[in-house]
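An overview of the molecular structure
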Amino acid sequence: MSDETQKPAPLPLPLRLLRGVGRLVATVALTSVLAGVGTFAWLEQAPDTSPHTEVVDVTQLIHIDTDRIATPTDTAELRRQVAMHDGPISIGGGRFSMGGQIATEQTLFLDMREMDDVLALDVENKTARVEAGITWRTLIEHLDPHDLSVKIMQSYANFTVGGSLSVNAHGRYVNEGPVVHSVRAIELVLADGTLVRCSRDEHSDLFWAAVGGYGAVGVIATVELDLADNVPMARSVARMHVDAFEDWFAENIRGSDSAIYFNADLYPPAYDDLVAITFSETDQPLTVTERLQAGGESSSAEKFMYWWVSEAPLGKEARSEVIDRLRLADQPVIWRNYEASYDVAGLEPASRESSTYVLQEYFIPVEHFADFVPKMAEVFTKHEVNVVNVSIRHASAEPDSLLSWAPGETYAFVIYYKMGTDEAAWKHARTWSREMDEAILDAEGVWYLPYQIHATPEQFHRAYPRAEELFAVKRRVDPHYQFRNKLWDAYLPPTAEYGGASDEETIRARLATREGWNRPEDQTFLTLPEWLIVYSADELGAFLDDHRPSEFPYFAAIGQFWTNYRAVYGRVRDHYEFNTGYHLMIGVIGASYTVEMAGKGLYEHTLGRLFESAARVPEEDAYARITAEYGAFTHHTPWYAFDFPAARASLADVDGAGLRGTERQVVTRIELTLKSWWAWCIGAGTGAAYDPEAERLEVWVRGDRALLDDIDGLTVLDDLGGRDHLVSVPRYEPFTAAALTLARRDVDIVSIAGGERLLVQVQADRDWDDGAQWAHTVVEWPMLSDPGRKRVAFEVPVRRLDAVVPALESSGATIEHVYDF
């Protein structure tokens, strides 16, 4: 018997074939699973492409979701933004207000910080003209080489000039008072985009309404300022009981020719002991030679000190008796600009997650100082307010601004306190703040308005009796109540007569019960990958008219599909419920598109290119025609409904002569046969898995009824009251035509099938970038058939379509598609 192992008998041929097929199927299945897992992981890493529309104040307690954030860079752009926006507008600079005075929901938020140029500087006459978004620090950096300084500003240099003027801020300057005392003129952008120069002599009603008017009447664009000399200053310190303060101030500070900066720190928790700190002009030699402070965050030791003073037992006493006595022991001589260049980052705590630092400020007539201090202390003590510091400043009278906080000579009490970040802490602050407001009113004083909004409307009007004059000016120059923020929401709420064009809440409730009204808003984004395939077919058809098939970038087309899907996936992932069915559909069509384009690319770049050595044949023209017809068909009908057999049959009319003609006949017929089979599968699967898609959408519009006539496909379904109407429009490409017609007729689209945002796609030159100032860019990609052009998909609030469409078209872009739901 042989020692050799007997070999097994070979399997019959049918079994070997079956085994091979099984291995192939297993390999394909495993590869598909791994590709699917990898693709999903890649999608999950997609950045959030939603527009950054949230505005947060420095305390991180106020979070406001606006419609859009715009960053104008000059007055002309600012005017365009305002003029072309027919909805509410809010305005912000450094975002150091603490109650929402810079914004409210669903507004165009104008971030003014890019308007930061010095427009003119007259060194001899000590004046400067600046854009409103410039910070005091930046202005000081321009002034310092000329030995000039800001005349009046806050204690910290991070605030913008326009923001400071809109709240009529003050600092520690002796005998100066509000910043308006250093302002010669402003340029104000009104609600219609008009630019008005305002001063005490020109449009004085607007000047005094804008100064300290918290953005009620317009946007401050530029400011003309008086300046001061940058001089050496020496610090002096005096410690005293609070009862001795008024006499000391009258003798040493009021009327002083040399004192420049003054403040007194009143120490909690007893509020009976203070230290007065004065910087006076001097001819002594400098002890600090730096002209400006470096800025930046406080050190870990300083952060710990703030925590200790605010939280540790006897922390406040330690500050009063130890820390400040050491800190203020010397008598430095510094430049005025050095003291003016404090960075607010030095106050930033290690975290604001569970607690934060907040300001309040009270303006008390000098004659009521002695009566108010014990009442203030009583409120703080009664409610256990965690006061870190009370800084006392002095302000001369400014009675002309409509929301003046210093109608006479005034002491300012700047309260720096710590509070929790939860709702209970906010309610606690509201309780004691309203009690404090009554004490302030009893002292014939007012509280400052840039901070948390706690006062009742009744208290507000008692404190600011000229507010109605401001509101009258606002109604005149802002007739549609465009300039909005949380302050005016509280004290000038919109009404049907002013600011409320219709009873929107009633209409929304009525439509919400309507069958078929609410459609998934995320589909405006998720349809982008589908339409990319449509436009890819268009591009390929146009490309093949005068190019050979091997020249088309098939693999780049695959990359565009998945990159665009990733962009919209990042947009919807964290903002909408996961739409399993739609994502599954995109995955299926994406996989089939990838296989199709990869197959074409592999063939056309290899064997196909070899056959292209011959001249162009009629079969190439026929394939270009079929591709173009297929692209045009998919603009209005699902791709799988295309008549692939008829397209294949049309090839019989082409000669097919020569090697190249035969090769094109064979390749094209194979492609159309495979597509026909796959289309049947997808059509059957779609019919089984999904309900038939609605062919029309319902749209809530606002405009004159006559403007809705003669729009193709549009049907008026119902009058909703006033100028509001419910209309029906066709979906897909006809929707684009209807939406653009409405927008061009200045009809306001309030909602589309319950949705508030939609995607607008444009074609533009490759270097075009004007669209970002009007809408948020979700994704852009080059046109493969025309390297000098690109497509850009913008996210647009539905209500702004009538403003965005003409803006995009006038900037040189062609609107190609408006994505429905």
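Residues numbered from 1 in each chain as written. Predicted model: local features only at pLDDT ≥ 70, side-chain atom pairs only at ≥ 80, totals over all residues. Heavy atoms only, no water.

Secondary structure assignment for the chain yields 24 helices and 27 strands. Relative to all contacts within the chain whose residues are 6 or more apart in sequence, the contacts with residues 24 or more apart total 74%. Roughly 35,700 Å² of accessible area belongs to the chain as shown, and the carbon and sulfur atoms make up 55% of that amount. For the chain, the distance from the average site of its 73 positive side-chain charges to the average site of its 126 negative ones is 4 Å. (Helix = DSSP H or I, 4+ residues; strand = E, 2+ residues; numbered from the N terminus. Contact = heavy atoms within 4.5 Å. Areas by Shrake-Rupley, 256 points an atom, 1.4 Å probe, with all protein chains shown as cover. Lys, Arg positive; Asp, Glu negative; His and termini not counted. Charge placed at Lys NZ, Arg CZ, Asp CG, Glu CD.)

Right, let's talk about the packing of helix α16 (residues 523–544) against helix α18 (residues 580–604) for a bit. The interhelical angle for the contact between α16 and α18, taken along N-to-C directions, is 20°, at an axis separation of 10 Å. Judged on the interaxial angle alone, α18 and α16 are roughly parallel. Taken as a pair, α16 and α18 cross one another with a handedness that is left-handed. For the pair formed by α16 and α18, the contact residues are Q523, L526, T527, P529, E530, I533, S536 and L540 on the first element and Y582, H583, M585, I586, I589, Y593, M597 and K600 on the second. Among the residues making up the contact of α16 with α18, the classes are represented as ten nonpolar, four polar and two charged. (Axes fitted to C-alpha atoms, helices over the stretch in contact; angles between N-to-C directions. Parallel < 35°, antiparallel > 145°, perpendicular 65-115°, else oblique. Left-handed = near helix turned anticlockwise from the far one by under 90°. Nonpolar A, V, L, I, M, F, W, Y, C, P; charged D, E, K, R; others polar.)

Before going further, it helps to spend a moment on the sheet that holds strand β22 (residues 724–730). Here we have four strands laid out as an open sheet, ordered β21-β22-β20-β23, and antiparallel in their pairing. Lying at the two open borders of the sheet, with one neighbouring strand each, are β21 (715–721) and β23 (748–752). Going from strand to strand, the sheet's axes swing by 30° on average, the running direction of each strand aside. Across seven bridges, the pairing between strand β20 (residues 696–702) and β22 is antiparallel. Note that in β22 the partner of V699 across the bridge is V727. (Pairing = 2+ DSSP bridges.)

What follows covers the pattern of salt bridges. Following the criterion strictly, the structure yields 60 salt bridges and no others. When the shortest N-O distance is used, the salt bridge between R239 and E321 registers 3.6 Å. Here R239 is found in strand β12 (residues 232–241), whereas its partner E321 is found in helix α8 (residues 315–327), with 82 residues between them in sequence. What makes R239 partly exposed here is its relative accessible area of 28%. Look at E321 and you get partly exposed, because its relative accessible area is 42%. When the shortest N-O distance is used, the salt bridge between R660 and E663 registers 2.8 Å. Note that R660 and E663 are positioned in helix α22 (residues 658–689) at a spacing of three residues, about one turn of the helix. Comparing R660 with E663 shows no difference in burial state: the two are buried. Each of R548, E604, E612, E620, R660, E663 and R664 takes part in salt bridges that share partners, so that together they form one network. (Salt bridge = Lys/Arg side-chain N within 4 Å of Asp/Glu carboxyl O. Buried < 20%, exposed > 50% of the residue type's maximum accessible area, 1.4 Å probe, protein only.)

Structural measurements only, silent on function.
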